[in-house]
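Each chain is listed here by its residues.
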Amino acid sequence: MPTVEELYRNYGILADATEQVGQHKDAYQVILDGVKGGTKEKRLAAQFIPKFFKHFPELADSAINAQLDLCEDEDVSIRRQAIKELPQFATGENLPRVADILTQLLQTDDSAEFNLVNNALLSIFKMDAKGTLGGLFSQILQGEDIVRERAIKFLSTKLKTLPDEVLTKEVEELILTESKKVLEDVTGEEFVLFMKILSGLKSLQTVSGRQQLVELVAEQADLEQAFSPSDPDCVDRLLQCTRQAVPLFSKNVHSTRFVTYFCEQVLPNLSSLTTPVEGLDIQLEVLKLLAEMSSFCGDMEKLETNLRKLFDKLLEYMPLPPEEAENGENAGNEEPKLQFSYVECLLYSFHQLGRKLPDFLTAKLNAEKLKDFKIRLQYFARGLQVYIRQLRLALQGKTGEALKTDENKIKVVALKITNNINVLIKDLFHIPPSYKSTVTLSWKPVQKVELGQKRTSEDTTSGSPPKKSSAGPKRDARQIYNPPSGKYSSNLSNFNYEQRGAFRGSRGGRGWGARGNRSRGRLY
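Residues numbered from 1 in each chain as written. Predicted model: local features only at pLDDT ≥ 70, side-chain atom pairs only at ≥ 80, totals over all residues. Heavy atoms only, no water.

The protein chain goes by Apoptosis inhibitor 5 in an unreviewed UniProt entry, where it is assigned to Odocoileus virginianus. Recorded in UniProt for the protein chain, the comment headed Subunit (unreviewed entry) runs: "Monomer. Interacts with FGF2 and ACIN1." (UniProt positions renumbered as here; feature names shortened; annotations may be inferred.)

As structure tokens, then:
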């Protein structure tokens with residue numbers, strides 16, 4: 001094996017040969033043999049091999065393999081030098097192979113090496129995006145789990161940093177095509193990352209692009225299959241997919257398939273839903289998603305049937321007034337619990353879909369059922385007014401830091417919820433029922449109104465301190481505000497906002513089970 005002096009001498013031969021460097025194959029072979037030497041020889045080889053690589057195509061495989069040996073050396077400084085130089089091997093047909101190698105090297109636990117690999121991948125991405133994607137997706141589809149995981153995260157974090165001249169339309173089409181292959185077999189976390197990748201592509205920002213993404217999500221959600229409420233994975237998959245679909249819906253990209261599925265399959269099984277996520281109020285989570293989607297529902301085939309299912313579920317949370325004994329006291333032991341968070345979601349969804357069939361309450365229900373509903377509405381509204389007064393009184397005069405306490409944040413959100421319900425109930429008390437009012441759901445940010453623009457919705461936070469109505473509990477806020485007990489005490493124990501679960505298990509059948517075992521070891 002060559003010494004340091006011999007490596008320098010042969011380096012000099014190649015450097016001095018200028019245009020005739022390709023004629024000195026023996027000198028380059030000596031440098032390749034340097035990888036078999038000691039630490040000093042290896043460090044020199046790591047620098048010299050890539051410098052003259054392009055002049056010896058017949059030794060390309062030997063040169064790349066020699067550099068790979070250095071990438072796996074025990075000496076961290078040698079590994080780092082070898083990795084840093086890898087982009088120089090990314091020429092022509094060698095580029096996809098180098099991309100594949102760099103992707104495998106993402107599994108390193110050394111932070112400096114990991115950063116070098118990331119930089120090297122970005123470097124060759126700018127040389128040839130398609131070839132680099134070939135190497136990345138090859139490992140995502142066939143590589144070891146740790147490599148797959150890090151390759152997906154690389155795409156989800158680095159693609160958005162690349163300039164437009166790199167992420168051309170053709171490149172984005174390749175990303176979509178390859179992503180569809182991966183989505184046939186993914187975990188929940190991987191699915192979320194791929195939706196982040198795809199929704200960030202310029203070519204999918206259009207209406208047709210968004211529609212394409214919705215169809216991808218619907219396929220993952222398995223909306224053609226019957227819903228299994230007792231299967232935590234089935235429930236979690238539907239919720240994860242729906243969360244990814246919600247931001248895609250608009251007046252031009254409809255949520256009809258999802259809303260129909262929720263009405264037909266999920267609402268009737270609401271009380272029997274199970275979840276692997278500890279502490280998650282799964283019923284409220286489902287109802288919040290349904291409410292958000294209902295605004296963008298298009299024409300529905302079985303509108304009356306589904307509206308009736310929604311109406312029946314709403315009735316479950318709109319109690320009748322308690323019967324009174326002869327002395328005027330309540331005959332029962334307990335007052336009904338008014339579950340405001342649930343009712344906000346259900347009433348909002350009913351109000352949105354009711355616009356599409358405005359005579360549902362008057363023409364589709366019999367007189368007795370309509371009378372029963374109005375009694376429930378009236379009772380709930382009375383309790384609502386008491387609670388709104390309590391909240392306004394509690395928040396009166398509070399500004400700045402005083403409103404930032406966890407208790408007051410929850411009171412502000414509670415006031416938004418109760419004001420929303422109040423507006424919607426008023427609409428339904430019109431003769432005939434009206435569906436004209438618009439409210440902002442309590443967990444959504446309030447849309448700013450431009451100066452001079454007519455406000456189209458009623459102020460659902462009137463009575464709350466000015467400019468503080470959008471304050472709400474942080475994502476991990478768990479404190480519960482308990483209003484004073486009395487005739488209209490309410491259960492606010494469902495205030496767990498924006499909690500997000502994850503799919504259990506690893507990749508597999510229909511993309512949510514276990515992936516098959518793959519071979520281990522170096523795949524260079």
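A.B. asks: How do you make sense of the pattern of salt bridges when you look at a structure like this?
C.D. replies: When charged atoms on two side chains of opposite charge get close, those side chains can pair. For the structure on display, the rule yields 23 salt bridges. A salt bridge links Asp-372 to Arg-376; the nearest nitrogen and oxygen atoms lie 2.7 Å apart. Taken together, the residues span about one helical turn, with Asp-372 and Arg-376 both in helix H19 (residues 367–395) at a distance of four residues. (Salt bridge = Lys/Arg side-chain N within 4 Å of Asp/Glu carboxyl O. Helix = DSSP H or I, 4+ residues; strand = E, 2+ residues; numbered from the N terminus.)

A.B. asks: It is not clear to me how the nonpolar core should be interpreted in this structure. Could you clarify?
C.D. replies: In a soluble, globular protein the nonpolar side chains are often hidden away together inside. One finds Tyr-28, Ile-49, Phe-258, Phe-350 and Leu-361 to be the most contacted residues of the largest nonpolar core, which totals 159 residues. Ranked by the residues each element gives to this core, the list is headed by H19, at eleven residues. If near-sequence neighbours (up to four positions away) are discounted, Ile-49 is found in contact with Tyr-28, Ile-31, Leu-32, Val-35, Ala-63, Ala-66, Gln-67 and Phe-89. (Core = buried A, V, L, I, M, F, W, Y, C linked by side-chain atoms within 4.5 Å. Buried < 20%, exposed > 50% of the residue type's maximum accessible area, 1.4 Å probe, protein only. Contact = heavy atoms within 4.5 Å.)

A.B. asks: I'm lost on unusual backbone geometry in this one. Help?
C.D. replies: A negative phi angle is the norm for most residues apart from glycine, just as the trans form is the norm for most peptide bonds. Omega for the peptide link from Ile-431 to Pro-432 comes to -5°, which places this bond in the cis form. Note on placement: Pro-432 falls in the segment after helix H20 (406–429). Notably, Thr-18 is not glycine yet its phi reads approximately 45°, a positive angle. With respect to the helices and strands, the residue Thr-18 is situated in the loop between helix H1 (4–16) and helix H2 (25–33). Non-glycine residue Asp-222 carries a positive phi angle of around 60°. Summarising the element assignment, Asp-222 is placed in the loop between helix H12 (207–221) and helix H13 (232–245).

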